[in-house]
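Read off the chains here:
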Amino acid sequence: MGTTSDVQHLKFRDPERAAALEHALEVQTRALGRTPVTVMHVCGSHEQAIARFGLRAAFPPELDVIMGPGCPVCVTDVPEIDEAVALALQGVRVATYGDMLRVPGTAKSLADARAAGARVDVVYGVAQAAELARTISEPLVFFASGFETTAVATAAVLLAGPPPNFSVLSAHKYIPPVMEIVAEMPGSTVEGFLAAGHAATITGWGVFERFAARHQLPVVVAGFEPLDILAGLVRLVELIASGEPRVENTFPRCVTREGNLAAQERLWKVFELQGGRWRGIAHVPNGNLRLRDEFAAWDARRRFEIDVAALWDHAPPALVAQCQCGDIMAGIASPHDCPLFGEACTPDAPVGACMVSAEGTCKIWHQYGGHPDLRQLRRRA
Ligand code: SF4
């Protein structure tokens, strides 16, 4: 007998409902009478689910579902990696997520710094980093990446009173402003956005209303089960067809219009928005989450003299210049447009950040066999 969790999973993976949604998606997309119809999701978890469940086989060939800047590790900018590497090489102990170790900076990654003798700890999250700081006497810097969902956890730890030897180097980023940038990119053909359900759990779906009105583009908030994604896409294509640039929530079991107000209060008590670069994309006004003055005592940027200039004397590895991560995250290229994909750049030897993270498009496409035309394979079988 299945558990409640099994039953929930079956409910969201029901083949009959999936077939009905697949049919609706095909009918709605074809009714638009043009190809391709391009929509973007802004979340590595959506790309993972699409690849893992082979959902592209269910999309009509006229529908191009591309991934945008939804991988927090990938969009961490080179100077931010340089700050962490410089701190580590200066002898400050750094803790961060495993994915962040291999993301290239100007000349080195944190893994390179560790190989050179720096103390770099891998942790699962900010709470574990704070616990580690409690067990040692030396300073510990948590190199924090992630979007607003993860930043709430960082805020909670800082509000709870971390140990005095603990500080945060924030590379946290805020998703709504980068959607503005992507929508305005020259050459962008995106006609609608599938927004990430987990981020909207915090911010609420109302956060996208101004964006939809300003850019006259529909936004649909969707969850991560196969049926969530299919249902979200069906609704998105319907809104494109009817010319309704508004926000719809197809993930009501988790997301409300207002979001999690207690989490938002924590987030904005600790962080404020600043402009900053997202790797390979652009300067994003209000795209970075930085610690407020009240939390300066836990801000690694104000606590340490970080000498990044020493790293800039080194030329970046030659292959890095060919990396197209930025264009991929902006939705104007795919991993197959990169001559290094699967050849000089693999998960074992990544050249760019998109091949490092489990949420990076290149890594996901490499892991799940690139971007096969599953429809064709199915017809041949
Ligand atoms: Fe960059 Fe590697 Fe992706 Fe090419 S395959 S865009 S080098 S991460």
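Residues numbered from 1 in each chain as written. Predicted model: local features only at pLDDT ≥ 70, side-chain atom pairs only at ≥ 80, totals over all residues. Heavy atoms only, no water.

> I would appreciate a short explanation of the packing of aromatic side chains in the present structure.
The geometry of an aromatic ring pair is captured by two quantities: the separation of the ring centres and the angle between the planes. Under the counting rule described, the total for this entry stands at six aromatic pairs. An angle of 20 degrees between the planes, with centres 6.0 Å apart, marks the rings of F147 and W278 as stacked. Highlighted residues: F147 in the loop between β5 (140–144) and α8 (148–159) and W278 in strand β10 (residues 271–278), separated in sequence by 131 residues. Seen from their ring centres, F224 and F251 are 6.4 Å apart, and the 90 degrees between their planes marks the pair as edge-to-face. In this pair, F224 sits in the loop between β8 (219–222) and α12 (226–242) while F251 sits in the loop between β9 (247–249) and α13 (261–270), placing the two residues 27 residues apart along the sequence. A cation over an aromatic ring shows up here: R257 above the ring of W205, its NZ or CZ 5.6 Å from the ring centre. (Phe/Tyr/Trp six-rings, centres within 6.5 Å; stacked < 30°, edge-to-face > 60°. Helix = DSSP H or I, 4+ residues; strand = E, 2+ residues; numbered from the N terminus. Lys NZ or Arg CZ within 6 Å of the ring centre and 35° of its normal.)

> Hey, could you run me through the side chain of D299 in this one?
For D299, the location among the structural elements is in the loop between β11 (282–291) and α14 (300–303). Relative accessible area serves as the criterion here: at 7%, D299 is assigned to the buried category. The residues contacting D299, other than those within four sequence positions of it, are S167, V168 and L291. (Buried < 20%, exposed > 50% of the residue type's maximum accessible area, 1.4 Å probe, protein only. Contact = heavy atoms within 4.5 Å.)

> Hey, could you run me through the pattern of salt bridges in this one?
For side chains bearing opposite charge, pairing can occur when the charged atoms are close. By the definition in use, this model includes 21 salt bridges. A salt bridge links E80 to R290, with the shortest nitrogen-to-oxygen separation between them at 2.7 Å. Taken together, the residues E80 in helix α5 (residues 78–89) and R290 in strand β11 connect sequence positions 210 residues apart. The same class applies to E80 as to R290, namely buried. With a closest N to O distance of 2.9 Å, E180 and R214 form a salt bridge. Here E180, found in helix α9 (residues 175–184), pairs with R214, found in helix α11 (residues 209–215); they are 34 residues apart in sequence, far enough to count as distant. Judged by relative accessible area, which is 15%, E180 ranks as buried. Salt bridges sharing partners connect three or more residues here, namely R235, E238, E244, R246 and E248. (Salt bridge = Lys/Arg side-chain N within 4 Å of Asp/Glu carboxyl O.)

> Honestly, the environment of T35 in this entry has me stumped. Any pointers?
Structurally, T35 is set in the loop between α2 (15–31) and β1 (37–41). Each C-alpha atom of the pair T35 and L63 lies 7.2 Å from the other, and the pair is 28 residues apart in sequence.

> Looking at this structure, how should I read the sheet that holds β1?
Within a beta sheet, neighbouring strands are joined by backbone hydrogen bonds and run either parallel or antiparallel to one another. Reading across the sheet, the five strands line up as β2-β1-β7-β8-β9 and stay open at both edges, with parallel pairing between neighbours. Each edge of the open sheet is held by one strand with a lone partner, namely β2 (63–67) and β9. Mean inter-strand twist for the sheet, computed between neighbouring axes without regard to direction, equals 25 degrees. The pairing of strand β7 (residues 190–196) with β8 spans four bridges and is parallel. The residue of β8 that forms the bridge with A195 is V221. (Pairing = 2+ DSSP bridges. Axes fitted to C-alpha atoms, helices over the stretch in contact; angles between N-to-C directions.)

> I would appreciate a short explanation of α2 in the present structure.
Three- or four-residue spacings in an α-helix give side chains the same orientation, since the helix completes a turn every 3.6 residues. Taking 1.5 Å of rise per residue, the 17 residues of α2 would be expected to cover 24 Å, and the 24 Å separating its terminal C-alpha atoms lies within 8% of that figure. Within α2, burial applies to E22, L25 and T29. Looking straight down α2, one finds that the buried residues subtend no more than 65 degrees of arc, so they occupy a single side. In α2, those exposed residues whose orientation departs by more than 90 degrees from the buried face are E16, H23 and A31. A distance of 2.9 Å separates the backbone nitrogen of E16 from a side-chain oxygen at the start of α2, and that oxygen is part of D14. (Expected span 1.5 Å × (residues − 1). Arc of directions from axis to C-beta. Polar contact = N/O pair within 3.5 Å; in protein donor to acceptor, adjacent residues only side chain to side chain.)

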